[in-house]
Amino acid sequence: MPVARNLLFVALCISVAASVSCRSADPPPVPQVAIVSPSDGATIVGSRSIAVTGTVSDATAVVVQVVGGAAVDATVDGGAFSAVVELGDRANGIVATATGDGGSASDRVDVVYPFVRLTSNQEAELVIGTTAFTAYGSGVASPAAFAGPYGRSYFDGERLFVPDLQGNQALVFDLLPDESGVAADWFLGSTDGLGGAGTRTAGDLRGPESVFVHDGRLFVVERANSRIQVFGPVPTASGATGTFVIGKDDFDDDDLSCVAGRFNQPSDAHVGGGRMVVSDTLHHRVLVYLEVPTAAGALPDLVLGQTDMVSCGWNRDGTPGAGTLASPGGVWTDGERVVVADSENHRVLLWSTFPTADGQPADLVLGQETFGEAVAGAGPGGLAYPRYVDANGNQLVVADWMNSRVLVWNEWPTDDAAPADVVLGQADLDDALYLAPDAEPTARNFAIATGVSLGPDFVLTLDAGVGRALLVELIARCEAGPWRQMLAVIGDSGNDGSVGLHRALGFRPVGTFA
C-alpha cells in the first residue's frame, strides 16, 4: 500500500507540472493609430512643412511618411503623436505607421498642395486657336480659332472652357487638349462655333470674359451685356439657355445705373469659400456677395473701391489710395483673402483678411511702392495695365498686359511692391518686349497677355495680340510724321479688348456717339 500511494503522488505531480508548462500568456495588443490632422482631402496653403498629428495606442514607435519621401520619427506623448513632414507639389499621400509588441498598423490621408512648377521664359506645351506657335490668329471666330480671347478660362478637371470675347462665344473642350490647333467640342453662345449673335437673349453671349463653375452651375461674365449669365445645370452641348442673370433684373434689362444691383461692363468674377467677388469695371468697384446668388435679384453685401453702393467714381473722384479702384479687371478670393487687378492704377491690391466693411482699404499693393502711386512700370516689381489675376492659394499669377508677360509669385506676397519670382513671355524679369525678342510669335512670348488661369498643373494664358500689333505699327507711323494728336474711334463701347488696348496706349475717352 505505501508504494501505491507514492505512485499516485508522483502521477499527480506530473499532471500538475504538465498543466503549468502548457499555460501561455495573453498576446500583446495590436497597435492602433489614426491621423487627426490634416484631414483627408484637405487643401494645404502656406508652408510646405506641415505638422501631422494623431492618436496612437499600444505602440512603441510611430513613423510618418509622405509617400515617395523619407520616413520621419514621430514624437509620442501618451496617446498622441506628432511629426513634421515636407509636402510635394499637388497630390500627397501621408502615412502614419505605429509598431509595437503586437505588430504594426497604419493610417493614411491624402492632401493637395497646389503648386505649378514654372521657370522664367518657359516654353509653352501647345497652342489653341492657331495651328502653330509661329502663326498669327485669324481674328475670325471658328471652332478652332478665336476672334479675340480675353479673361478667365476654366478647367473643371475634365473640360476646358475658354471665352472668346470678340467672338461672342466660349469654346468648350470635353478633354484638355493634348496637341495644338484642335477644335472645340461644343460652344456657349453659338451653335456652330462661328461666333455668336451677341444679343441679350437667354443663351446668347455678348463679350464673354470670364467662365467658371460653382455648385453645379456655370457662370459666364458678359462684359458687353453688363451681366453674369448663369446656366443650371452645367450644359454639356451647344445651344444651352441661361436660367437667370446677376447684375440685371432679367435678360432684357440694360440698366447701367450706379446702384447695388447693377453692373457696368464687369470683367471677372470668382468664388471661394462660398463667397463671390465681381469686378464691376466701369463702376470702378468690386462687389462682394457673402453667398453665391442662386436666383435673379440678388444684391451684393459689400463694395470695395467705393464707400457705398451709389458711388462709382474713378479713384473715388480723386487720387489713388488703399481704398480706391480705377477700372478693376481680374479678381480672386478663397473666402479669406481677396486679390484685385486694379488695371488703370497699374497695380494689384491684396486684402489679407476678408473685407467686412464698405470701402475697406487693401492691405498690400503690388506694382507700386505705395498706395498713392499709379505709374506704369516694368522690371521684377513693376506693372503696366495688369488686367487679370489668378491664384491657387500658394501662388499668384498676374497677366501684365502691356508688358506682354505673365508674372508669377511662388509664395504669397507679404510686402508692398514684392518682386515676382518667375516671368513667362520674356527672357527675364527685366524685359518687357512685344513678342520678345524678335517681334514674331513663338512658344515663349506674348503679344498682349489678355488672360491667365491657373490649372492644377498648368498655366493657360490668352494672347489677343493681332489687333495690338497693327495698332502699334500705326502709332509708330504717325509719330514718325508731322502729326501731334491722334483720334481713335471704337465701333462698340462694349468691346473690352479695344477699349482697354486704347487706354493702355495712352488714349482717353472723350465722348460717345449717340
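Bear in mind the structure is a predicted one, so any value in this text is a computation, not a measurement.

Peer 1: Explanation requested: the overall build of the protein chain in the structure shown.
Peer 2: When its secondary structure is counted, the protein chain shows three helices and 30 strands. Among the 514 residues that make up the protein chain, the fraction classed as buried is 51%. Excluding contacts between residues fewer than 6 apart, the proportion of contacts in the protein chain whose partners are at least 24 apart in sequence is 52%. Surface exposure of the protein chain reaches about 22400 Å², of which carbon and sulfur atoms provide 54%.

Peer 1: Quick question: what am I supposed to make of the environment of Ala183 here?
Peer 2: Tracing the backbone shows Ala183 in the loop between strand S11 (169-173) and strand S12 (186-188). Excluding its chain neighbours within four sequence positions, the residues that come into contact with Ala183 are Pro143, Ala144 and Phe173.

Peer 1: Before we go on, may I ask you to explain the state of the cysteines in this structure?
Peer 2: Disulfide: a covalent bond connecting the sulfur atoms of a pair of cysteines. Applying the stated criterion across every chain, the model contains one disulfide. Cys258 shares a disulfide with Cys312; S-S distance 1.9 Å. One disulfide, between Cys258 and Cys312, carries an S-S torsion of 90 degrees and so falls in the right-handed class. With Cys258 in the loop between strand S16 (244-246) and strand S17 (268-272) and Cys312 in the loop between strand S20 (302-304) and strand S21 (328-333), this pair connects stretches of sequence that are 54 residues apart.

Peer 1: Mind showing me how you'd approach the pairing of strand S30 (residues 459-463) here?
Peer 2: In the case of a regular strand, side chains alternate between the two sheet surfaces. In the sheet, strand S29 (residues 449-454) pairs with S30 via five bridges, with the strands oriented antiparallel. Bridged to Ser453 within S30 is Leu460.

Peer 1: Quick question: what am I supposed to make of unusual backbone geometry here?
Peer 2: Backbone phi values are negative for most residues with the exception of glycine, while trans is the configuration of most peptide bonds. Cis peptide bonds are those with omega within 30 degrees of zero, and the linkage from Ser37 to Pro38 qualifies with 0 degrees. When you line up the elements, Pro38 lands in the loop between strand S1 (32-37) and strand S2 (49-57). A cis geometry characterises the amide bond from Gly232 onward to Pro233, with omega recorded as -5 degrees. As for its position among the elements, Pro233 is in the loop between strand S15 (227-231) and S16. In this model, Asn315 sits at a positive phi of 50 degrees, which is unusual for a non-glycine residue. Inspection of the secondary structure puts Asn315 in the loop between S20 and S21.

Peer 1: What am I meant to see in the sheet that holds S12 here?
Peer 2: By definition, the strands of a sheet pair up through backbone hydrogen bonds, in either a parallel or an antiparallel sense. If you walk across this open sheet you meet the four strands as S9-S10-S11-S12, and the pairing is antiparallel. What marks the edges here is a single partner per strand, and that holds for strand S9 (154-155) and S12. Here S11 pairs with S12 via three bridges, running antiparallel. Bridge assignment links Val172 to a residue of S12, and that residue is Trp186.

Peer 1: Would you take a moment to explain the side chain of Asn92 for this structure?
Peer 2: In this fold, Asn92 is placed in strand S7 (residues 90-100). According to the relative accessible area criterion, Asn92 is buried, its value standing at 4%. Here Arg90 takes part through its backbone oxygen, which lies 2.7 Å from a polar atom of the side chain of Asn92. Not counting chain neighbours up to four residues away, the residues in contact with Asn92 comprise Val66, Leu87, Val109, Asp110, Val111 and Tyr113.

Peer 1: Before we go on, may I ask you to explain the sheet that holds strand S25 (residues 386-391) in this structure?
Peer 2: The strand order S25-S26-S27-S28 describes an open sheet built from four strands, whose pairing is antiparallel. Each edge of the open sheet carries a strand with a single partner, namely S25 and strand S28 (422-424). The mean angle between the axes of side-by-side strands here comes to 20 degrees, regardless of whether they run parallel or antiparallel.

Peer 1: Where do I start with the environment of Gly273 in this structure?
Peer 2: Structurally, Gly273 can be placed in the loop between S17 and strand S18 (275-280). On the basis of relative accessibility, which here comes to 66%, the residue Gly273 falls in the exposed class. Residues in contact with Gly273, not counting those within four places in the same chain, are Asp334 and Gly335.

Peer 1: Honestly, the side chain of Asn225 in this entry has me stumped. Any pointers?
Peer 2: Mapped onto the secondary structure, Asn225 falls in the loop between strand S14 (217-222) and S15. Side-chain polar atoms of Asn225 contact the backbone oxygen of Thr199, separated by 3.1 Å. The residues touching Asn225, leaving out its near neighbours within four places in the chain, are Thr199, Arg200, Arg206 and Lys248.

Peer 1: Explanation requested: the pairing of strand S3 (residues 61-66) in the structure shown.
Peer 2: With burial as the criterion, only one face of S3 is covered, namely that bearing Val62, Val64 and Val66; the residues Ala61, Val63 and Gln65 on the opposite face remain uncovered. Pairing analysis gives six bridges linking S3 to S7, with the strands arranged antiparallel. Each residue of the ladder has a partner; that of Ala61, found in S7, is Thr99.

Peer 1: Help me understand the packing of aromatic side chains, please; the structure alone is not making it clear to me.
Peer 2: Two aromatic rings, taken as a pair, are described by how far apart their centres are and by the angle between their planes. Evaluation of the coordinates by the stated rule reveals seven aromatic pairs. Pairing Tyr150 with Trp401 gives two aromatic rings, centres 5.8 Å apart and planes at 50 degrees, and the pair type is tilted. Highlighted residues: Tyr150 in the loop between strand S8 (103-113) and S9 and Trp401 in the loop between strand S26 (396-400) and strand S27 (405-409), separated in sequence by 251 residues. Classification of Tyr150 as buried rests on a relative accessible area of 4%. Between the aromatic rings of Tyr385 and Trp401, the centroid separation amounts to 5.1 Å while the plane-to-plane angle is 70 degrees, which identifies the pairing as edge-to-face. Taken together, the positions of Tyr385 in the loop between strand S24 (364-366) and S25 and Trp401 in the loop between S26 and S27 put the pair 16 residues apart, joining distant regions of the chain. Pair check on accessibility: Tyr385 and Trp401 agree, each one buried. Ring pairs connect the aromatic residues Tyr150, Tyr385 and Trp401, which therefore count as one cluster.

Peer 1: Hey, could you run me through the pattern of salt bridges in this one?
Peer 2: Any two side chains of opposite charge can pair, given that their charged atoms come close. Enumeration according to the criterion identifies 17 salt bridges in this entry. A salt bridge links Arg152 to Asp268, with the nearest nitrogen and oxygen atoms 2.9 Å apart. Of this pair, Arg152 sits in the loop between S8 and S9 while Asp268 sits in strand S17; the two residues are 116 residues apart in sequence, bridging distant segments of the chain. Across the pair, Asp268 and Arg152 agree in class, each one buried.

Peer 1: Please explain the confidence of the model for the protein chain as it appears in this structure.
Peer 2: When pLDDT is averaged across the protein chain, the result is 89; 86% of the residues are at 70 or more. Between residues 1-21, whose pLDDT stays under 50, and residues either more than four places distant or in other chains, the model counts zero contacts. Below a pLDDT of 50 lies the segment residues 466-477, which in the model reaches 17 contacts outside its immediate sequence neighbourhood of four places, other chains included.

Reading the values: rules and limits
- Residues numbered from 1 in each chain as written.
- Predicted model: local features only at pLDDT ≥ 70, side-chain atom pairs only at ≥ 80, totals over all residues.
- Heavy atoms only, no water.
- Helix = DSSP H or I, 4+ residues; strand = E, 2+ residues; numbered from the N terminus.
- Buried < 20%, exposed > 50% of the residue type's maximum accessible area, 1.4 Å probe, protein only.
- Contact = heavy atoms within 4.5 Å.
- Areas by Shrake-Rupley, 256 points an atom, 1.4 Å probe, with all protein chains shown as cover.
- Disulfide = S-S within 2.5 Å.
- Pairing = 2+ DSSP bridges.
- Polar contact = N/O pair within 3.5 Å; in protein donor to acceptor, adjacent residues only side chain to side chain.
- Axes fitted to C-alpha atoms, helices over the stretch in contact; angles between N-to-C directions.
- Phe/Tyr/Trp six-rings, centres within 6.5 Å; stacked < 30°, edge-to-face > 60°.
- Salt bridge = Lys/Arg side-chain N within 4 Å of Asp/Glu carboxyl O.
- pLDDT = per-residue confidence, 0-100.

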